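Inside the fold
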Amino acid sequence: MDIAVPPLPNSSKINQAGNLEVAGCDVTELTAEFGTPLYIYDRRQIVDNCRAYRQAFAAHTGDYEIIYASKAFTCLAMTQLVAAEGLSLDVASGGELHVALRSWFPPQRIYAHGNANTHDELGRYVRNEVGHVVIDSLDELAALDSIAGEHGRKQPVLLRITPGIEAHTHDYIQTGKLDSKFGLCLAEGVALDVAARILAAENLELEGFHMHIGSQIFSLEPYVRAIALLADFAAECRDRFGFVCNIVDVGGGLGASYTTADEPVGIDEFARLITGTVRDEMDRVGMEMPRIAVEPGRSIVANAGLTAYTVQAVKDIPGIRTYIAVDGGMSDNLRPMLYGARYEAVLANRPGAAPTRTVTVAGKHCESGDILVKDAELPDPRPGDILVTPATGAYGYSMSNNYNGQPRAAVVFVQEGDARVVIRREEYEDLVRLHERLE
Ligand code: LLP
């Protein structure tokens, strides 16, 4: 039987007991066993998404690299899956690197990013022989060159350029426009100067260029314009410095479906457009086809994950609205509050029941803005119901926090009727683990 909330994993269905089932696991049984809030990931869906990226790019080019952006969701199990699927990994900090290395992720397949990497972080990238560091500033260039020199390593790098393109997405997650804290702008020869300095640096090896124009992007047209600018820039570097560009990394950003109304571009279409545009643009400027790299985060994990909560209270404000209060909120999903992101809800213990009312799903935090779903259509929700918000797999756990002393929720991977805890639930004692008493 179909469920009228599409962004659930493909394996989702209503089982014989009338409950929501994901990858052969009854969600109400999962919550009974592991508690709520609970992040549930369909492991097969993650794997399928990784494979969809590889197949889509392989259909258009022999030289491609799919770099999973671990900021979207990372843990040992996740980086293990990514490694097994042959993807590379984007880490944005020493912490994300640590998780990757602890799962034995091959360092040569890691791209290290960041606009404020510390001396310590750069040292870790060099010492662990990370495949590429993506240079984001002149200061970073100088620091990395000297650290690489100290370790006797010639560190391969990409240069992050800011193409000055506005992607049509939330302002906070646009990253490629001119006024951005990320990358080096093409204007006034800023990026060109940094390219020259990298080429002159003794301990750095420039292999290509990187850009990332934004996230949750639904129209691919900004990529086309940005790639054209990148190609012009690469040609200028060739003309001036004789530089050969081996890698063009166009970043991540492909949108995911959060609600019934969202219609993101598919992975196949994305791959076709990116490879076609890079090929056309390289032809135009008379350059060899480079390796094409992409850095998807959201589109690998968003629709593989969902969050299950227990309804705690139902409160009617006559003539105004009904609040359904659940046992999580902005601590496990900051996105509605931060970006006004929209989600939908379904009751795992009667997903097939016809909705009877429009309600507001509120979190448990001491903030009026802690609203998870604004207008949820639900079948008469009651305390004890298991409420699920689909598509929380990206930037959910990774932006989770302990506000109001809320321990971080557990994460389970489900597959063929089996559930495995991949991140344990925090306990109250974890909240004081780092605290020191006075005297
Ligand atoms: N590469 C770079 C350099 C990035 O900065 C990002 C995301 C990605 C790749 C992956 O982008 P994706 O494919 O996931 O769109 N917290 C926000 C999203 C911030 C994205 C930051 N950078 C949210 O919850 O919407």
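Residues numbered from 1 in each chain as written. Predicted model: local features only at pLDDT ≥ 70, side-chain atom pairs only at ≥ 80, totals over all residues. Heavy atoms only, no water.

A word on the sheet that holds strand 3 (residues 25-26)
Strand order in this open sheet of three strands is 1-2-3, and the pairing throughout is antiparallel. In this open sheet, the two edge strands, each paired with only one partner strand, are strand 1 (13-14) and strand 3. Direction of pairing for strand 1 relative to strand 2 (residues 20-22): antiparallel, over a ladder of two bridges. By the bridge assignment for strand 2, K13 is matched with E21. (Pairing = 2+ DSSP bridges. Helix = DSSP H or I, 4+ residues; strand = E, 2+ residues; numbered from the N terminus.)

A short note on the domain arrangement of the protein chain
Domain boundaries in the protein chain define domain 1 (13-42 + 302-432) and domain 2 (113-296). Each of domain 1 and domain 2 has a C-alpha centre, and these two points are 36 Å apart. Across the boundary between the two partners, domain 1 contributes nine residues, which contact eight residues of domain 2. Summed over both sides, the interface between domain 1 and domain 2 buries roughly 830 Å², with carbon and sulfur atoms accounting for 58% of that surface. Counting across the interface, domain 1 meets domain 2 through zero salt bridges. (Domains from an automatic or database assignment. Contact = heavy atoms within 4.5 Å. Buried area = accessible area lost by both parts, 1.4 Å probe. Salt bridge = Lys/Arg side-chain N within 4 Å of Asp/Glu carboxyl O.)

Re the site of the ligand
Taken together, 20 residues sit near the ligand, with S215, E295, R335, Y339 and Y395 positioned nearest. The separation between an oxygen atom of the ligand and a polar main-chain atom of G253 is 2.9 Å. The side chain of R335 places a nitrogen or oxygen atom 2.6 Å from an oxygen atom of the ligand. With the chains in place, 92% of the 590 Å² that the ligand exposes on its own is no longer accessible. Among the residues forming the shell around the ligand, the class breakdown is six nonpolar, eight polar and six charged. Per-domain counts for the shell around the ligand show at least three residues from each of domain 1 (13-42 + 302-432) and domain 2 (113-296). (Near = heavy atom within 4 Å. Polar contact = N/O pair within 3.5 Å; in protein donor to acceptor, adjacent residues only side chain to side chain. Areas by Shrake-Rupley, 256 points an atom, 1.4 Å probe, with all protein chains shown as cover. Nonpolar A, V, L, I, M, F, W, Y, C, P; charged D, E, K, R; others polar.)

Examining the environment of L338
Mapped onto the elements, L338 comes out in helix 11 (residues 335-339). You can call L338 partly exposed: its relative accessible area is 34%. In this structure the C-alpha to C-alpha distance between L338 and G369, which are 31 residues apart in sequence, comes to 9.8 Å. (Buried < 20%, exposed > 50% of the residue type's maximum accessible area, 1.4 Å probe, protein only.)

Things to note about the packing of helix 8 (residues 221-241) against helix 9 (residues 267-284)
Following both chains from N to C, one finds helix 8 and helix 9 inclined at 30°, their axes separated by 9 Å at the closest point. Taken together, the axis directions place helix 8 and helix 9 in an arrangement best described as roughly parallel. For helix 8 against helix 9, the interelement crossing comes out right-handed. Here Y223, V224, I227, A228, A231 and D232 of helix 8 lie close against helix 9, whose contacting residues are F270, L273, I274, T277, V278, E281, M282 and R284. When the residues that make up the contact of helix 8 with helix 9 are grouped by side-chain class, the tally is 10 nonpolar, one polar and three charged. (Axes fitted to C-alpha atoms, helices over the stretch in contact; angles between N-to-C directions. Parallel < 35°, antiparallel > 145°, perpendicular 65-115°, else oblique. Left-handed = near helix turned anticlockwise from the far one by under 90°.)

Focus on helix 9
If you check helix 9, its first and last C-alpha atoms are 25 Å apart, about what 18 residues at 1.5 Å a residue would give, namely 26 Å. Among all positions of helix 9, only I267, F270, A271, L273, I274, T275, T277, V278, E281 and M282 are buried. The inward-facing, buried residues of helix 9 contact helix 2 (43-58), helix 8, strand 12 (247-249) and strand 13 (291-294). Just downstream of helix 9, G286 is the residue with a positive phi angle, here 70°. (Expected span 1.5 Å × (residues − 1).)

Here we look at unusual backbone geometry
With omega at -10°, the peptide bond leading from T36 into P37 counts as cis. Relative to the assigned elements, P37 resides in the loop between helix 1 (27-34) and strand 4 (38-42). Although it is not a glycine, A23 adopts a positive phi angle of roughly 50°. You can see A23 is positioned in the loop between strand 2 and strand 3. On the basis of relative accessibility, which here comes to 8%, the residue A23 falls in the buried class. One non-glycine residue, N404, lies in positive phi territory at about 60°. Its relative accessible area of 38% is what places N404 among the partly exposed residues.

Observations regarding the pattern of salt bridges
All chains considered together, the criterion is met by 20 salt bridges. Here the salt bridges share partners, and the residues they tie into one network are D316, R357, D380 and R382.

Some points on the pairing of strand 13
Relative to strand 13, strand 5 (residues 64-69) runs parallel, the two being bridged by three bridges. Each residue of the ladder has a partner; that of Y64, found in strand 13, is I292. Handedness of the β-α-β unit built from strand 12, helix 9 and strand 13 comes out right-handed. (Right-handed = clockwise from strand over helix to strand, strands pointing away.)

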